[in-house]
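If you want the building blocks of each chain, they are given just below.
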Amino acid sequence: MSEYLYGRWPVLECLRAGRRNIHQILLAEGVEEKGIVDQIISTAQQHSIGVRRVPRRVIDDLSHDANHQGVALRVESYPYVEVETILATAAERDEKPFMLVLDLLKDPQNVGALLRVADAVGVHGVVLQERRGVDITPAVASASSGAVEHLNVAIVTNLVNAMRSLKDQDVWLVGLDVGPDAQTFEQVDLDRSLALIMGSEGEGLRRLVRDTCDLRVTLPMRGHVGSLNVATAGSIALYASWQARGWQGWQRSAS
């Protein structure tokens, strides 16, 4: 089944990742072939992918009037993996598993933002539940600026069962939560095989998901507003988890 990705960075990263079957690139009439657009065209040519000029209204319709920046890409559906593939990726890198688990998030912008940070900190993979939450749609790919094209994403029928399976493989389940029983990050050892669990907007972690977690952590706050957007909170938690690993894998640029 094919779909249309839109936006310059999502299209370019999809081409770079090379994980999907790609059919054709659409460029709006009048878009100049420079900068990122030039990179898109040259990368497409390297892979013998056709580029077609169309009226802007065509891409408006295909993207449902989203901010497409004059570029669309017809591709096959997102290539999900199995949870075992995520664990195998960690083993291949000789690293302790580092995973992000999303419990029925519904806003594509939040999911995309979290996936962008997940890629930035080097998670080995992301786990989503098949129904009732957001999956990897073109809107999510756009919100992630194409980062999702480089990630291992597994989609499971029952999230709690998947979490229990991870437990059986010695992965610690750490839920981001609120309440007096949740610990702050400095109280918890995050330098271990880890799956960070994020709850949905407004509702947080479902009861069974919360009960399945080994630990619950919270972000201390001192301001007047009592909570953070899930994408903001999750981004902080992902970076705190990477920091606990000593910024593993980061190569400082030579100056």
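Everything in this summary refers to the structure shown in the same document. (Residues numbered from 1 in each chain as written. Predicted model: local features only at pLDDT ≥ 70, side-chain atom pairs only at ≥ 80, totals over all residues. Heavy atoms only, no water.)

**Structural notes on the sheet that holds strand 4 (residues 71-76)**
Quick reminder of the rule: Being paired, for any two strands, means DSSP has found at least two bridges between them. In this description a helix means any DSSP run of H or I spanning at least four residues, a strand means any run of E spanning at least two, and both kinds are numbered starting from the N terminus. Every angle, taken between N-to-C directions, lies between 0 and 180 degrees, and every axis is a line fitted to C-alpha atoms, over only the stretch in contact when it is a helix.
Taking strand neighbours across the sheet as the criterion, the four strands line up as 1-4-2-3 in an open arrangement whose pairing is mixed. Two strands bound the open sheet, and with one partner strand each, they are strand 1 (2-6) and strand 3 (50-54). Adjacent strand axes in the sheet meet at a mean angle of 25° when their direction is disregarded. Two elements, strand 2 (residues 22-28) and strand 3, share five bridges in a ladder whose sense is parallel. Looking at strand 3, one finds that Leu27 is bridged to Arg53.

**What to know about helix 7 (residues 159-168)**
Keep this limit in mind: Summary of the burial criterion: residues with accessible area below 20% of their type's maximum are buried, those above 50% are exposed, and those between are partly exposed, where the area comes from a 1.4 Å probe applied to protein chains only. Working note: the arc is built from the helix axis to C-beta atom directions.
Buried within helix 7 are the following residues: Leu159, Val160, Ala162, Met163 and Leu166. All buried residues of helix 7 fall inside an arc of 160° around its axis, so they share one side. Just past helix 7, the residue Asp170 takes up positive phi, approximately 65°.

**Considerations on the pattern of salt bridges**
Quick note on the threshold: We define a salt bridge as a side-chain nitrogen of Lys or Arg found within 4 Å of a carboxyl oxygen belonging to Asp or Glu.
In this structure the tally under the stated criterion is 13 salt bridges. Notably, a salt bridge pairs Glu33 with Arg53, separated by 3.2 Å at the nearest N-O pair. Note that Glu33 is positioned in the loop between strand 2 and helix 2 (36-46) and Arg53 in strand 3, a separation of 20 residues in sequence. You can call Glu33 partly exposed: its relative accessible area is 49%. Owing to a relative accessible area of 34%, Arg53 belongs among the partly exposed residues under this scheme. Overlapping salt bridges, with partners in common, bring together Asp177, Asp181, Arg210 and Arg216 in one network.

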